[in-house]
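# Summary of structural features
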Amino acid sequence: MIELPKYTVPTYDPRGLAVNERTDFTRRIPALPEKQLARDAKIVSQIIRAYEAGRGQEVLDIFRRKARLLSNPRYWEVMRTVWVAVGSTETAPLFRTLMQSSRPCRSWFMTPEV
């Protein structure tokens, strides 16, 4: 007779956090001056409004015009979001150029993992 190893089934703890709740994936706040954070938030709001109105080309245009005003972390984070929202094979050459930027904080292009 073969004995199977004994194991315990983990119990659910409603106060515990799920893995993806331990890190705030979409709302990381960089250590920046309040003025820069406010500027970043204003640009992001413009992009969100254009996206919600179904104006994909405007989303891309806003990012291209205002990217230089974004902080380095937000540049990468917002570019990731814009790529996911309106990226396509037609816009791939543009995004390839944007992704080759020498701006610091490139790791903000990726979502954090636990």
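Heads up: these notes are all about the structure in this document.

Turning our eyes to something else, we now look at the overall build of the protein. When its secondary structure is counted, the protein shows four helices and zero strands. In the protein, the succession of α and β elements from N to C terminus is α-α-α-α. Contacts in the protein between residues far apart in sequence, at least 24 positions, make up 64% of those at least 6 positions apart. When the accessible surface of the protein is summed, it comes to about 8,600 Å², and 56% of that surface belongs to carbon and sulfur atoms.

Take helix H1 (residues 34-52) next. Taking 1.5 Å as the rise per residue, H1 with 19 residues should run 27 Å; its terminal C-alpha atoms sit 26 Å apart, in good agreement. Considered for burial, the residues of H1 that qualify are Gln36, Leu37, Asp40, Ile43, Gln46, Ile47 and Ala50. The elements touched by buried residues of H1 are helix H2 (56-66) and helix H3 (72-86). Just beyond H1, the residue with positive phi is Gly54, at close to 80 degrees.

Turning to the packing of aromatic side chains, a few remarks are in order. Any pair of aromatic rings gets described here by the distance separating the centres and the angle formed by the planes. Per the counting criterion, the structure on display carries three aromatic pairs. Here the aromatic residues Phe63, Tyr75 and Trp76 are joined through ring pairs into a cluster of three or more.

Turning to H3, a few remarks are in order. One turn of the α-helix equals 3.6 residues, which is why residues spaced by three or four share an orientation. Helix length check: H3 (15 residues) gives 21 Å between terminal C-alpha atoms against 21 Å at 1.5 Å per residue, within 8%. The set of residues buried in H3 consists of Pro73, Arg74, Tyr75, Trp76, Glu77, Val78, Met79, Arg80, Val82 and Val86. Packed against the buried residues of H3 are H1, H2 and helix H4 (92-99).

Let's shift gears to the pattern of salt bridges. Tallying each qualifying case throughout the model produces two salt bridges. For the salt bridge of Glu58 with Arg55, the shortest nitrogen-to-oxygen distance reads 2.4 Å. Using a relative accessible area of 39% as the deciding quantity, one classes Arg55 as partly exposed. Note that Glu77 and Arg74 form a salt bridge whose closest N and O atoms lie 2.3 Å from each other.

Rules behind the numbers
Residues numbered from 1 in each chain as written. Predicted model: local features only at pLDDT ≥ 70, side-chain atom pairs only at ≥ 80, totals over all residues. Heavy atoms only, no water. Helix = DSSP H or I, 4+ residues; strand = E, 2+ residues; numbered from the N terminus. Contact = heavy atoms within 4.5 Å. Areas by Shrake-Rupley, 256 points an atom, 1.4 Å probe, with all protein chains shown as cover. Expected span 1.5 Å × (residues − 1). Buried < 20%, exposed > 50% of the residue type's maximum accessible area, 1.4 Å probe, protein only. Phe/Tyr/Trp six-rings, centres within 6.5 Å; stacked < 30°, edge-to-face > 60°. Salt bridge = Lys/Arg side-chain N within 4 Å of Asp/Glu carboxyl O.

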